[in-house]
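Structural overview
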Amino acid sequence: MKNQSYVELTNILKQKIDRLLSEKIVDYMIVYEKGSLWFKTRPKMIRKQTDMEKVIWNRYCQFNLSTFLKSLSGKDENIGIIAKKCDLGSIVELIKNNQIKKENLYILQVACDGVINWQKLENLLGTKVAKAIEVEEDSPNLVIKMPERNIEVLKNDCLPDKCLICDFQPSPYANDFLTIVDEKIEDIKEIKSQPLPNLEPLDNMSYEERLGYWLKHFSRCMRCYACRNVCPVCYCSTCMFDGQEGLWISKESKTSDNYVYHLTRAFHVATLCVECGECQRVCPVNIPLMKLNSKLAKEISDTFGYQAGLLIDDLSPFKTYCQEDPDEFK
Amino acid sequence: MNSNNPERTYFLIKKSKVQSLLNNLYNEYKLFVPVEEEEVVDFRRYEVDGNFTLEFTNTLLPPKGLFLPQQETLFTFNYERDISIEEKIEVSRRIIVGIRPCDSKSLTILDEVFKDVNEDVYYLQKRNNTLLIGLGCTNPQIYCFCSSLEIDPGKDISVDIFLTDLEDSYLVSVNTERGQLLIKDFPEYFEKAGEDEITRALEIQSPAREGFSVGFDKKDTEVFMDVEKIFEHPVWEELAETCLGCGICTYLCSTCHCFDITDELTKNEGRRFRCWDSCQFFSFTNMASGHNPRPDRKERIRQRFMHKLSYFVSRYGCIACVGCGRCLKYCPVDIDITRVIGTITNE
Amino acid sequence: MEIVAFCCQWCSYAGADLAGTSRLKYPADIRIIKIPCSSRINPTFILKALSKGVDGVMVAGCHPGDCHYATGNYFTRRRLTILKRLLEFSGINPERLQLYWISAAEGGKFAESVRDMVSRLERLQDKPFPRNPGISL
C-alpha cells in the first residue's frame, strides 16, 4: 500500500471512530498510535474525542490488539477495536470462549496488505535504521530513503510469516471494513502464498537431535513471560505458573522447567491458537515458539478437522468428544 | 571498583592479533566475550579459537548477569548429625571483553546497591576478581540515549582497559594498575600508541556523541523527586492500560537488580539460591496473607519508573538508568522511558 | 527403570489393588499416583515427570464408556493423542507416554499393562530427558 493510502485510511478511520465515540456506540476504542521511533507503533486506548489525533494506521501496526480484550471480566463496557484480518481469528476465539460478548464489541477491520515486522526490518538495515527519512512502497520493494542514498529491500523479507499466507479479505465478523477505492484488496493480493514455518527439518531429526534443538533454545529462555502475556488467547486470570497453591516450575530459569513451561503454554492454547505469531515476535531471545504452535495446530487439524479462529459456532475439539475418536491406546 | 588511578597509558593492538591474545588469556582467566548466536549477541564463555565479535551494537543481555546471575546457588547445606554448610563463592579470575560504556556504568551503579549496609559478598567477590575491557561505541543504536545520562559512549574511565576502534587496530587506553599488569604480561601484542593515533581515536569517538534518536534532558528528571506530586500522575494509568506485565524491561535492564531467595530441599540436604525477580510480576509483592500492596499494573509500572528516577536517586544520588536502550528495543508495546519523562515534564 | 503411573481412583487404582490382593507379579518400576479421573491429568503433570528424567509416564483410566463421571476419559483420550504428537515433536519418544484402559475388575490387565509399559521402554534406543540439561556459565 502506498503511503498516501495509509494517510487516507487513517482519515477515514478517525471519522469512523469519532462517530463511534460521539454516538456512544463504544466506551473506548483500542487503536494504534505513533511509537517512539519511526518504524514502531504502540497500542492505545482512546476514550475522548480530543485524543483522536493520536489514531494512526500504517504498515508498522503489527501488534495484535485483541490481547487487550482478554481478562476484562467484570467490566461491562462496549469496546471498539481496530483489527487486521489476522487479528480477527483471535477475536473469534475470545468470543467463542466467553471472554467477551460479541454485542459488546465493535470490530473495525482495516484493509491491510501485510505489516512490517520491526525486528526483520531492523536486522536488514542495521544501525542505518536510525538515518532513514522516509519509506515508500514500490512493489515488491520498500524504498528506504536515506540522506546519502536510498536502500531497497524486498517487502516480503520484512513481513511476518502470517502475512505471506494471508488473503487479506474482509471477515464476516467485522462490523465494518475500511478500504479505499483505488486500491482494491484484489490488487493487494499480489503476495503469494508460502508455506508456514517449515517444520520439515525438525520432523526429519532423530529424537535426540530434536530434544537437543529445543533444549538449546529453551536454555536461553529467561522466563520473562512475554510470550504468555502477549498471547491474545492465553486468557486464564491466574496462570498455573504464577499460582500460590504450588510451584509447578522453580523460580529459577532451569532448562528442564523451561521445557515444561513452553510445552504447557503451547498445549494450553493448542485449540485456540490462530498463529498470529505474537509470542515469537516478542520473545527477546528468539525462541522459535511458532513451530510448537503450528505443529499443534496441524495435528489438531489432521486429527479432528478443526481450525481455530474461523467460526464462532465451532466447538473446540477439547471441549467435546466422539465415541468413535481414534483410540491408539489399549 | 578499582580505585587506584595511575596515569593513563595508550597502546595499540592489531585486530588480527586479538584472537591469539584471547587464546593466551584463556589459560589464566575465565574469559567472557560477545558471541553472536541466533541473530543475538551475548556474553559467553570463550573457548580456545572460539567465536567472538567486537562488531556489535549492544549485547541482548546486560553484563549484570555475569555478576548477579539469573540464578545463583548461594550455599548448599546438609543435615546428617550436624548441619554443614558450604558456601558457593566464585573465586576464579575473570575478564569481560567488549563491555560498552553504558553497561560498565551500570556496574558502578549496581556496586552502590551491593556495597550498601550489608556487603553482598557473592556480587562483590566477582566484581573484585573481574577485569573489564571496555569497547567504545562509534555507531550507537537507534534506541540508545546514554548521552541523556551524561555517559560518553566514546570514553570510559571506569573500566580497566578501554578499546577504541581504529579500523585495523584498537587504541588501548589503560586506566588502572590491574590493566597495566595485564598489558605487561603480554608485551608482544601491544605497541606504543603515537600522538596522532590518540588524536585520531578522539576524532572517531566524537560522532558517537551525537546522532541519538531518543533522549531527554537530565535536569527534567528532577521533577520525579517530588514523589507526592508524581505518584498519582495520570501517566501511570495510561501506561498500565497497555503494559502487558511481562518481565522483559526488568530482566534486560542493566541496572534492575531485584532478586528472590528460595531454599530447595530434598530429604536432608538442600541449597539456597537466588534468582532474578521482576517488580512487574504480581507475585513479586504478593504476601503470604494474600494481600498485595501493588495489586495492579498501574502500581507495578509506577514502581519501575519511580525506583529508577526517584527512590534510587534519593538513596544513592544517581539515576538507575544508563540509556542502553534495551527496554525501548524489546518492549512489546513500546513503553519508552524517555517518553514517560517527556510526558511528565512537558506539562 | 522409573515409571510414573497416574491411576484413576474408580477403575485403575482399584485394578492395581486387585492385582495386589490377587498376588499378581508385575515389575516394581512404577510409582502410582492416585487421581480422581484420568481427565484430571493436566499435560504439565506428564511434562513435569518426563522433564525430571523418568523413563515413562503411564496414565490409566476406566474403559471408554465406563467413566465414573460418564465422559471424562473421552476427553483424556483426545488430549493425550495430541500431547503424544507434541512430545514427539519436542524430541521425546511418544512411546514414553502410554494410556491404558483398566477397570476395577482387571487386576490381571493392570499387571499386564505394567509389563507392557516396561517392555516398550526397554526396547527404546533413545534416552529419556537428561537429568541436568542446560548451559552453565
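What counts and what doesn't
- Residues numbered from 1 in each chain as written.
- Chains lettered and ligands numbered in written order.
- Predicted model: local features only at pLDDT ≥ 70, side-chain atom pairs only at ≥ 80, totals over all residues.
- Heavy atoms only, no water.
- Helix = DSSP H or I, 4+ residues; strand = E, 2+ residues; numbered from the N terminus.
- Rg over C-alpha atoms; globule rule 2.2 N^0.38 Å.
- Buried < 20%, exposed > 50% of the residue type's maximum accessible area, 1.4 Å probe, protein only.
- Contact = heavy atoms within 4.5 Å.
- Areas by Shrake-Rupley, 256 points an atom, 1.4 Å probe, with all protein chains shown as cover.
- Domains from an automatic or database assignment.
- Buried area = accessible area lost by both parts, 1.4 Å probe.
- Salt bridge = Lys/Arg side-chain N within 4 Å of Asp/Glu carboxyl O.
- Polar contact = N/O pair within 3.5 Å; in protein donor to acceptor, adjacent residues only side chain to side chain.
- Nonpolar A, V, L, I, M, F, W, Y, C, P; charged D, E, K, R; others polar.
- Core = buried A, V, L, I, M, F, W, Y, C linked by side-chain atoms within 4.5 Å.
- Axes fitted to C-alpha atoms, helices over the stretch in contact; angles between N-to-C directions.
- Parallel < 35°, antiparallel > 145°, perpendicular 65-115°, else oblique.
- Left-handed = near helix turned anticlockwise from the far one by under 90°.
- Pairing = 2+ DSSP bridges.
- Phe/Tyr/Trp six-rings, centres within 6.5 Å; stacked < 30°, edge-to-face > 60°.
- Lys NZ or Arg CZ within 6 Å of the ring centre and 35° of its normal.
- pLDDT = per-residue confidence, 0-100.

Let's talk about the overall build of chain A
A count of helices and strands for chain A gives 12 helices and 8 strands. Its C-alpha atoms give chain A a radius of gyration of 21 Å, within 12% of the compact-globule value 20 Å for 330 residues. Its C-alpha atoms give chain A principal-axis dimensions of roughly 60 × 50 × 40 Å. Among the 330 residues that make up chain A, the fraction classed as buried is 60%. Taking contacts inside chain A between residues at least 6 apart in sequence as the whole, the part at least 24 apart equals 69%. Summing over all exposed atoms, chain A offers an accessible surface of approximately 13,800 Å²; the carbon and sulfur share of this is 50%.

A word on the domain arrangement of chain A
Residues and elements named next belong to chain A. Segmentation of chain A into domains returns domain 1 (3-188) and domain 2 (200-319). Between the C-alpha centres of domain 1 and domain 2 the distance comes to 25 Å. At the junction of the two partners, domain 1 supplies 21 residues and domain 2 supplies 23 residues. When the two sides are added together, the surface that domain 1 and domain 2 hide from each other amounts to roughly 1,900 Å², 54% of it contributed by carbon and sulfur. Three residues stand out in domain 1 for area buried against domain 2, namely Lys70, Glu93 and Lys96, and they jointly supply 28% of the buried area on that side. Joining domain 1 to domain 2, the criterion identifies 0 salt bridges. Inspection of the domain 1/domain 2 interface yields 14 residue pairs in polar contact (both at pLDDT 80 or more). Contributing elements (two or more residues each) for the side of domain 1 that touches domain 2: α2 (85-96) and α3 (118-125). The element best represented in the side of domain 1 that touches domain 2 is α2, accounting for 7 residues. Taken together, the residues of the side of domain 1 that touches domain 2 sort by class into 6 nonpolar, 10 polar and 5 charged.

Quick notes on the nonpolar core
Grouped together as the largest cluster of nonpolar side chains are 201 residues, with contacts concentrated most on Ile17, Trp57, Leu69, Ile82 and Tyr259 of chain A together with Trp236 of chain B. Among the elements that take part in this core, helix α9 (residues 297-316) of chain B stands out by supplying 7 residues, more than any other. Setting aside chain neighbours within four positions, we find Ile17 of chain A in contact with Met29, Val31, Ile46, Met52, Val55, Ile82 and Leu108 of chain A.

Remarks on the packing of helix α10 (residues 255-268) of chain A against helix α12 (residues 289-304) of chain A
Think of two packed helices as two axes; the pair is described by the angle between the axes and how far apart they sit. All names here are of chain A. As a packed pair, α10 and α12 sit with axes 9 Å apart at the nearest point and diverge in direction by 40 degrees. For the element pair α10 / α12, the angle class is oblique. In this structure, α10 crosses over α12, and the sense of that crossing is right-handed. Within the contact between the two elements, α10 uses His262, Leu263, Arg265, Ala266 and Phe267 and α12 uses Leu289, Leu292, Asn293 and Leu296. Its residues placed into classes, the contact of α10 with α12 shows 6 nonpolar, 2 polar and 1 charged.

Quick notes on the pairing of strand β3 (residues 40-45) of chain B
All names here are of chain B. For strand β2 (residues 30-37) and β3, the ladder comprises 6 bridges, and the chain directions are antiparallel. For Pro34, the partnering residue across the bridge sits in β3 and is Phe43. Turn length for the β2-β3 hairpin, with the two strands adjacent in sequence and antiparallel, is 2 residues, and the turn residue Glu38 shows positive phi of about 50 degrees.

Let's talk about the packing of aromatic side chains
Overall, the coordinates contain 33 aromatic pairs over all chains when judged by the stated rule. Ring plane angle 85 degrees and centroid distance 5.9 Å describe the contact between Trp38 of chain A and Tyr60 of chain A, whose orientation is recorded as edge-to-face. Of the two residues, Trp38 of chain A sits in the loop between β1 (28-34) and β2 (41-46) while Tyr60 of chain A sits in the loop between β2 and β3 (79-83), which places them 22 residues apart along the sequence. On the basis of relative accessibility, which here comes to 26%, the residue Trp38 of chain A falls in the partly exposed class. By the ring-pair criterion, three or more aromatic residues cluster together here, those being Tyr213, Trp214, Phe218 and Tyr259 of chain A together with Phe89 and Phe129 of chain C. The ring of Trp276 of chain B carries the charged tip of Lys64 of chain B above its face, separated from the ring centre by 4.6 Å. Over the ring of Phe305 of chain B we find Arg304 of chain B, and its NZ or CZ is 6.0 Å from the ring centre.

Some remarks on the interface of chain B and chain A
Opposite the 44 residues of chain B that make contact, chain A presents 44 residues. When the two sides are added together, the surface that chain B and chain A hide from each other amounts to roughly 3,600 Å², 53% of it contributed by carbon and sulfur. For chain B, the biggest contributors to the area lost against chain A are Ile142, Glu241 and Asp334 of chain B; these three give 17% of the whole. Linking Arg271 of chain B and Glu252 of chain A is a salt bridge whose minimum nitrogen-to-oxygen distance equals 2.5 Å. Listed by contribution, the elements that provide at least two residues to the side of chain B that touches chain A are β3, α7 (234-242), α8 (248-252), β11 (259-266), β12 (269-276) and α10 (326-330) of chain B. Taken together, the residues of the side of chain B that touches chain A sort by class into 19 nonpolar, 11 polar and 14 charged.

A few points about the confidence of the model for chain A
Confidence in the prediction for chain A averages 88 pLDDT; 93% of positions are at 70 or higher. Mean pLDDT in chain A bottoms out at helix α6 (residues 185-188) of chain A, which sits at 50, and peaks at helix α9 (residues 226-230) of chain A, which reaches 96.

Here's the deal with the interface of chain C and chain A
Taken together, the contact between chain C and chain A spans 44 residues of the former and 44 residues of the latter. The largest share of the area that chain C buries against chain A comes from Arg78, Ile82 and Phe89 of chain C, three residues that together contribute 22% of it. For the interface between chain C and chain A, the tally reads 5 salt bridges. Glu328 of chain A is the partner of Arg85 of chain C in a salt bridge, and the nearest nitrogen-oxygen pair spans 3.5 Å. At the boundary of chain C with chain A, the tally comes to 14 residue pairs in polar contact (both at pLDDT 80 or more). Of all elements in the fold, only α2 (43-51), α3 (72-90), β4 (97-101) and α4 (107-123) of chain C reach the threshold of two or more residues within the side of chain C that touches chain A. If one sorts the elements of the side of chain C that touches chain A by residue count, α3 of chain C sits on top with 16 residues. Residue composition of the side of chain C that touches chain A, grouped by class: 21 nonpolar, 11 polar and 12 charged.

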